[in-house]
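Now for the letters of each chain:
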Amino acid sequence: MRLFIGFALLLTVPTLQAQGKVCQILDTKGQEVPYVNIYNPVLQNGLIAGGEGKFTFEPAKFRPNDTLLFSCIGYKTLASTVGEVAQLSPCQITLTPQTYETATAEITEAAVSYRKKSAGVKARWKLYQYGYNVTGKSRGGEVGILIPNEAVCLIEQIGFNLAQSEPDSVLIEVNLYEAVDSLPGRPLQKSRIFTHAAANKSTVIDLSASPVNVNGSFFVTLEFLHNIDTKGFVLFKAKRNAPYLTVVRKADGSWEKEQGLSPSIYARLQCTEP
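Residues numbered from 1 in each chain as written. Predicted model: local features only at pLDDT ≥ 70, side-chain atom pairs only at ≥ 80, totals over all residues. Heavy atoms only, no water.

Attention now goes to the pairing of strand E23 (residues 265–273). Both strand E9 (residues 113–120) and E23 contribute to a ladder of eight bridges, which runs antiparallel. Bridge pairing in E23 places Arg115 opposite Cys271. In this sheet, E23 lies alongside strand E12 (residues 152–166) in antiparallel orientation, the contact comprising seven bridges. When the sheet's bridge partners are listed, Gln157 is paired in E23 with Arg268. (Pairing = 2+ DSSP bridges. Helix = DSSP H or I, 4+ residues; strand = E, 2+ residues; numbered from the N terminus.)

With that settled, consider the sheet that holds strand E8 (residues 92–95). Taken in spatial order, the three strands of this open sheet run E5-E2-E8, and their pairing is mixed. Where the open sheet ends on each side, the last strands, each with one partner, are strand E5 (54–57) and E8. Strand-to-strand twist across the sheet, computed as the mean angle between neighbouring axes with direction ignored, equals 30°. For strand E2 (residues 21–27) and E8, the ladder comprises four bridges, and the chain directions are parallel. Residue pairing for E8: Asp27 is matched across the bridge by Leu95. (Axes fitted to C-alpha atoms, helices over the stretch in contact; angles between N-to-C directions.)

Here the focus is the confidence of the model for the chain. Here the chain shows a mean pLDDT of 82. Residues at 70 or above account for 83%. The lowest-confidence element of the chain is strand E1 (residues 4–7), averaging 52 in pLDDT; the highest-confidence one is E8, averaging 95. In the model, residues 9–15 has pLDDT below 50 throughout and makes 32 contacts with residues more than four positions away in sequence or in other chains. Low pLDDT, under 50, characterises residues 103–110; the stretch is placed with 11 contacts to residues that sit more than four places away or in other chains. (pLDDT = per-residue confidence, 0-100. Contact = heavy atoms within 4.5 Å.)

Once that is clear, we can look at the environment of Gly83. By the element assignment, Gly83 lies in helix H1 (residues 82–87). Taking relative accessible area as the criterion, Gly83 reaches 17% and is therefore assigned buried. (Buried < 20%, exposed > 50% of the residue type's maximum accessible area, 1.4 Å probe, protein only.)

The omega angle of the peptide bond from Ser89 to Pro90 is 0°, so this bond is cis rather than trans. Relative to the helices and strands, Pro90 is located in the loop between H1 and E8. Despite not being glycine, Tyr35 has its phi angle at roughly 55°, a positive value. For Tyr35, the location among the structural elements is in the loop between E2 and strand E3 (37–40). Positioned with a positive phi, Asp181 is a non-glycine residue whose angle comes to about 55°. Within the secondary structure, Asp181 is located in the loop between strand E13 (169–180) and strand E14 (183–187).

Another aspect to go through is the state of the cysteines. Tallied over the entire structure, the rule returns two disulfides. Covalent S-S linkage joins Cys23 and Cys91, the inter-sulfur distance amounting to 2.0 Å. The sign of the S-S torsion, about 85°, decides the handedness of the disulfide formed by Cys23 and Cys91: right-handed. Residue Cys23 is found in strand E2, and its partner Cys91 is found in the loop between H1 and E8; the two are separated by 68 residues along the sequence. Taking the relative accessible area as the measure of exposure, Cys91 reaches 7% and is therefore buried. Paired through a disulfide, Cys153 and Cys271 show a sulfur-sulfur distance of 2.0 Å. Where Cys153 bonds to Cys271 through sulfur, the torsion about that S-S bond is close to 105°, and the disulfide is right-handed. Taken as a pair, Cys153 in strand E12 and Cys271 in strand E23 lie far apart in primary sequence, 118 residues in all. Relative accessible area serves as the criterion here: at 0%, Cys271 is assigned to the buried category. Each bonded cysteine in the chain gets a number by its place in the sequence, and the pairs come out as 1-2, 3-4. (Disulfide = S-S within 2.5 Å.)

And the structure:
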């Protein structure tokens, strides 16, 4: 039996340096904000803050007017210059919470019935595998698939299947986005979703206590948050991606479509029927 493997090119590159000035990202209540993306659009590279919201960089190696963009689901993107960050003492960056407005539809109980359905890629075999090498450069990389949908639904579960993984467990942030012109648009969830995933197991995130509303097609993406010094690989079970669409987020926050294989990512929905 032949094994087909596709590798994602994850472009979140931590070249802002791993030593130097130590800073921390907080919210307006003074609580740490973990795993924030930090991007320098001039150099077209960046890094991702750690689990306590901390990151390091050397201001002397950058121009004072270079812009740093701090972005994370649930918070407004903050733009600051290298010079402004360098002058902070203590070095603390504050992000403001953001509420996303998403398209909804009003329905009356008498007008509709409900049905449960699964959508996405549920690969059970290891014939096809899709993944990436685990290095400091791939930390913060994000990959996902488009889930076609024409109904008003509640997303009650998200699942994915790892075929192989080294290290044994990987920290992943699960993100849900509206589909806009076949690319991820506004986030759908109101809070961040973290989970640990292990190889040869189906990882299922139960959202039934607070399901996410969606009207139309949407994306489910996975952002990888392994330690910066971790090395190894992550491989998903996969299928050839027609009719699915695989996307990868680049370092500048834009999305790139990929051809070939789609990783095993799926959703369980409760949808309305007229």
